[in-house]
Structures are given as C-alpha cells and as structure tokens.
Protein chains: 2
Amino acid sequence: MSELLLATRNAAKLAELRRILDDAGVAGLHVIGLDDVPEFPEAPETGATFEANAVAKAVDAARATGLPAVADDSGLAVDALNGMPGVLSARWAGGHGDDRANLDLVLAQLGDVPDERRGAAFVAAAALVTPEGSETVVRGTWPGHLIREPRGSNGFGYDPIFVPEGESRTSAELSAAEKDADSHRGRALRELLPYLRQLVS
Amino acid sequence: MSELLLATRNAAKLAELRRILDDAGVAGLHVIGLDDVPEFPEAPETGATFEANAVAKAVDAARATGLPAVADDSGLAVDALNGMPGVLSARWAGGHGDDRANLDLVLAQLGDVPDERRGAAFVAAAALVTPEGSETVVRGTWPGHLIREPRGSNGFGYDPIFVPEGESRTSAELSAAEKDADSHRGRALRELLPYLRQLVS
C-alpha cells in the first residue's frame, strides 16, 4: 500500500479524497493527513493565485515527508470584484478566518450591484507534488451567483450567500453529499485522478 | 461665452478644470458646477467601470441642463486585488465615504502581500457629453505602489498609502499643486482638452 499525504488537518477533506479515490476505483493508495506526520512546518499562504498556494503547500508537504502530497487552495471569485476575494477569501475583512465578517463585507461591497452582475464562482486549485519533484496543478470551478441575505447553516465561508448554477438553494442549504458531488474542490480532485492513478500503476 | 457644466459640487475640482483650460489656452468656456444649476437629480454610481459611471453622470448633467457636461469617476486599482477597490473605492469597507476604514481595510487585505506585489494606480475616467448626445470618455492613470503605514495629511481617500512612481512621498505628502500637476484626474481632464476646444471653435 503506497501512502499519499493530503496536506490538511481537516477530517472531512480526508474522507472526501478517500471517497473520490474509491469511487474511481483507484486502489492501493492510503491517504494520510498532516495530523499523521510529525512537525509539519505550516507556511503562510501568500501566493498571488490559488495554483501557487496549492503547489507551495504540496511542495512543503512532499519535502517534509518524502511522500507524494496533494494540497488544495480555494476561495470565492466574485465577478463584480474582478475575481476577488480570491486568494484573500479567508481574510477579506482583514482578520483571518472570520467567516461572518468576510461574508458581510462582500454583501456590503455589492450593495449597489444589480442582480444581473452578481455572478461568482467557487474556485479550487489542487496540486500533486511527488518526492521526485514532479508538480501537477489543476483547477475546479463551481459557477453561480450571490444573493443578498445569507441562507442555510451547512458548509462554511461564503456558502450562505452562494447559489450554484441550476440550484435555487445556497450551498449552505445543500447536504454535505450534494455539495461534495458538485463542488469546486471535488471537481479539482477528480481532475487529479489520472495523475493519482499513476502513483500506483 | 459658452457654458460648460462640470458635474461636481467640489470647488477644488472646478478650480482645477478652469486652470487646465487656462493653461491650455482654451478661452471662451465658462465652467459652472452643480451648485449653479437647480434641482440636479443625483443618481447613484453603480456602473461596472469608471468610464460607465463618468458617462452616466455626464449624460444626466447634459440632459438636466441642456449644457455640454463633463463628469469624472475615479478610484484606486490595486494589482494584488485584481484592480479593485476600483469603482467601489469610496465604499470598500461597506459604508460610503469612510476614508479611514477603506484605507485600513486595503492595508489589512494586503498584510501578507510582499513589497514586490504592492503595485497600484489611481485611475480616473472623464467624460464629455454634449446636449446633442455625443459622448467622449478618456482615462488617466497615475501609477505607483502602496506602503504599509499611512503618511501625510493632504489629499483624501487612499492618498496616505499611495506613493507615485518616481516619488518617495505619498500623495498625501504632496502639495495640492504637485498632485494636480501629475494626478490621474488631471491627466484625464487634459486628455479631454481637444474635445473641449471643439466646443468653442
């Protein structure tokens, strides 16, 4: 059994990648997370793009462990904000990780923006870096639009104001399974499948 | 003497346009402002671009008065924010016109952005619309970069964190005359000169 490191401490993300590998019939990869490796050096994400951040995190993880490593970076790209908050999604209101402040700020900034210009997409980059140094990075996009009042309590971040294309519910009103089936992160990870398969072929 | 309406209530902007016309030797245009016209309908600026806002304001002004009208819209375009705050410069922190909150938010958002990626530009669009319906819109840009702590007390808006190319002072440390000689608004208005000259030729 080969080990694959997913550079996260989030159990739900680990479960998601395991399920995606299972569903695709990729056997022989044992997915571990950062909690399974000692002393991982957490570096700040200061890249200009999702791709740069995902690659940097995967490079750090592969170097620290000698394992092939997958890392992702994701955020919300709002048309009327020229694609921002983007890589600054988690710190849009200034502090780090205050979901409600970030969401409220986007709503306030878009206060005068009419419905036809409220397009947005969740975007994820996923990178695979091997100990030999090969780097692959792919992107998954989940298009939709932003509403004016938060709805729903599932998910996190900007989920309560994002309505995916073809949906009437926000992504915070979808079940975890519904979200996983469609979301930007899932799309990016599935784009990586051909490369993950090569690790065990 | 022909009248030209500058769609502003700001006396400094009126003086600036009069000076630019004088310096260029454009005689015969009497510049008036919105305080000189009765009951001007103030519309919110909700366009997606500086140009759209400037044209909309000039169209409103020309329609309301039957005079040729000049209007401008301007803001700060930050590279690391994909050109935002842009048309949302005056309401970046959510409320309208809170200069200090807007500036503090940009600094916080750029907290992790290294010096080499702190490029920014002040951008102004200036539109001339005649009562006959001809529309001209031009753009002036003042490139520079953002520092990490506000300096200087002249100017307004983002001036205390913006250092123009070739300067070591912020635009809030320049005198009004120095700023006018170089700034985005002055550049845009001077781009309009050939069209303003036609009004009296």
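Conventions and cut-offs
Residues numbered from 1 in each chain as written. Chains lettered and ligands numbered in written order. Predicted model: local features only at pLDDT ≥ 70, side-chain atom pairs only at ≥ 80, totals over all residues. Heavy atoms only, no water. Helix = DSSP H or I, 4+ residues; strand = E, 2+ residues; numbered from the N terminus. Rg over C-alpha atoms; globule rule 2.2 N^0.38 Å. Buried < 20%, exposed > 50% of the residue type's maximum accessible area, 1.4 Å probe, protein only. Contact = heavy atoms within 4.5 Å. Salt bridge = Lys/Arg side-chain N within 4 Å of Asp/Glu carboxyl O. UniProt positions renumbered as here; feature names shortened; annotations may be inferred. Phe/Tyr/Trp six-rings, centres within 6.5 Å; stacked < 30°, edge-to-face > 60°. Least-squares fit on C-alpha atoms with pLDDT ≥ 70 in both. Pairing = 2+ DSSP bridges. Axes fitted to C-alpha atoms, helices over the stretch in contact; angles between N-to-C directions. Buried area = accessible area lost by both parts, 1.4 Å probe. Polar contact = N/O pair within 3.5 Å; in protein donor to acceptor, adjacent residues only side chain to side chain. Nonpolar A, V, L, I, M, F, W, Y, C, P; charged D, E, K, R; others polar. Expected span 1.5 Å × (residues − 1). Bend = angle between axes of the 7 residues up to and from the residue. Core = buried A, V, L, I, M, F, W, Y, C linked by side-chain atoms within 4.5 Å.

Under an unreviewed UniProt entry, chain A has the name dITP/XTP pyrophosphatase and belongs to Actinopolyspora righensis.

The next subject is the overall build of chain A. From N to C terminus, chain A includes five helices and six strands. Beginning at the N terminus, the succession of helices and strands in chain A can be written as β-α-β-α-β-α-β-β-β-α-α. For 201 residues, the compact-globule estimate of 2.2 N^0.38 gives 17 Å, and chain A sits close to it at 17 Å. Overall, chain A is about 55 × 30 × 25 Å in size when its C-alpha atoms are taken along their principal axes. Here chain A holds 201 residues, and the buried ones make up 49% of them. Across chain A, the fraction of contacts at a sequence separation of at least 24, relative to all contacts at a separation of at least 6, is 60%.

Now for the pattern of salt bridges. Residues and elements named next belong to chain A. What the rule picks out here adds up to 28 salt bridges over all chains. A salt bridge links R9 to D35; the nearest nitrogen and oxygen atoms lie 2.7 Å apart. With R9 in the loop between β1 (2-6) and α1 (11-23) and D35 in the loop between β2 (29-33) and α2 (50-65), this pair connects stretches of sequence that are 26 residues apart. Close ionic contact of R169 with E178 constitutes a salt bridge, the shortest N to O distance being 2.9 Å. Among the charged side chains, a salt-bridge network with shared partners connects K13, E16, D72 and R185.

Three or more residues of helix α3 (residues 99-109) of chain B are buried, namely N102(B), L103(B), L105(B), V106(B), L107(B) and Q109(B). Summarising the contacts, the buried residues of α3(B) are in contact with α3 (99-109) of chain A together with β5 (135-146) of chain B.

Moving on, we come to the UniProt feature "active site" (unreviewed entry) in chain A. Residues and elements named next belong to chain A. Taken from the UniProt record, the annotation "active site" (unreviewed entry) applies to D73. Take D73: it is sitting in strand β3 (residues 69-78). When residues no more than four places from it in sequence are discounted, the contact partners of D73 are E45, F50, N53, A54, V87, V123, A124 and A125.

Here the structure, examined in full by the defined rule, presents seven aromatic pairs over all chains. Ring pairing ties together the aromatic residues F122(A), W142(A) and F162(A), which thus form one cluster.

A few words on the relation of the copies chain B and chain A. Laying chain B over chain A is done by rotating through 180° and shifting 0.0 Å along the axis; what remains is an RMSD of 0.0 Å. Both copies are brought into coincidence by an operation consistent with a two-fold rotation axis. Measuring from the rotation axis to each C-alpha of chain B, the shortest distance belongs to N82(B), at 2.9 Å. Interface overlap between copies is the fraction of interface residues in one copy that are interface residues in the other; for chain B against chain A it reaches 100%, indicating a shared surface.

Moving on, we get to the sheet that holds strand β1 (residues 2-6) of chain B. All names here are of chain B. Spatially, the six strands line up as an open sheet ordered β2-β1-β3-β4-β5-β6, and their pairing is mixed. Each of the sheet's edge strands pairs with one partner strand only, and the pair in question is β2 (29-32) and β6 (162-164). Each strand of the sheet is rotated relative to its neighbour by a mean of 35°, with strand direction disregarded. In terms of strand pairing, strand β3 (residues 69-78) meets strand β4 (residues 119-129) through 10 bridges, oriented antiparallel. Note on β4: the bridge partner recorded for A71 is A127. Its contacts with the sheet place helix α5 (residues 184-199) against β1, β2, β3, β4 and β5, and it is angled at close to 160° to β5.

The accessible area lost on association of the parts is a frequent measure of interface size. The interface of chain B with chain A comprises 19 residues on the first partner and 19 residues on the second. Considering only the surface of chain B that becomes buried against chain A, R91(B), Q109(B) and D112(B) emerge as the three largest contributors, covering 28% of it. Linking chain B with chain A are two salt bridges, by the criterion used here. Inspection of the region where chain B meets chain A yields nine residue pairs in polar contact (both at pLDDT 80 or more). Grouping the constituent residues of the side of chain B that touches chain A by class yields nine nonpolar, seven polar and three charged.

In the numbering adopted here, UniProt assigns the feature "binding site: Mg(2+)" (unreviewed entry) to D73(A). A distance of 3.0 Å separates the side chain of D73(A) from the side chain of N53(A), its partner in a polar contact.

Moving on: α5(B). Residues and elements named next belong to chain B. In a regular helix each residue adds 1.5 Å, so 16 residues correspond to 22 Å; α5 covers 23 Å between its end C-alpha atoms and thus fits that length. Of all the bends found along α5, the most pronounced is centred on L193 and spans about 45°, while P194, a proline, follows it within four residues. Every buried residue of α5 is listed here: H184, R185, G186, A188, L189, L192, L193 and L196.

Moving on, we come to the side chain of T130(A). In this fold, T130(A) is placed in the loop between β4 (119-129) and β5 (135-146). In contact with T130(A), other than residues within four places in its own chain, are A62(A), P68(A) and L199(A).

Most peptide bonds take the trans form, and the phi angle of most residues other than glycine is negative. All names here are of chain A. Cis geometry is found at the peptide bond from M84 to P85, where omega equals 5°. Locating P85 in the fold gives a position in the loop between β3 and α3. Positive phi outside glycine occurs at N82, with the angle close to 55°.

All names here are of chain A. Sheet architecture is open: six strands sit in the order β2-β1-β3-β4-β5-β6, paired in mixed fashion. The open sheet is flanked by β2 and β6 (162-164), the only strands paired with a single partner. When the angles between neighbouring strand axes are averaged without regard to direction, this sheet yields 35°.

All names here are of chain A. Within β3, nine of the 10 residues are buried, which leaves the element mostly enclosed by the surrounding structure. Across two bridges, the pairing between β1 and β3 is parallel. If you follow L5 over to β3, its bridge partner there is A69.

Below, the discussion takes up the nonpolar core. Among the nonpolar cores identified, the biggest contains 46 residues, and L81(A), W92(A), L146(A), L81(B), W92(B) and L146(B) are the most heavily contacted of them. Apart from the residues lying within four places of it in its own chain, the contact partners of W92(B) are L81(A), W92(A), L105(A), Q109(A), L81(B), M84(B), P85(B), N102(B), L105(B), V106(B), Q109(B) and Y158(B).

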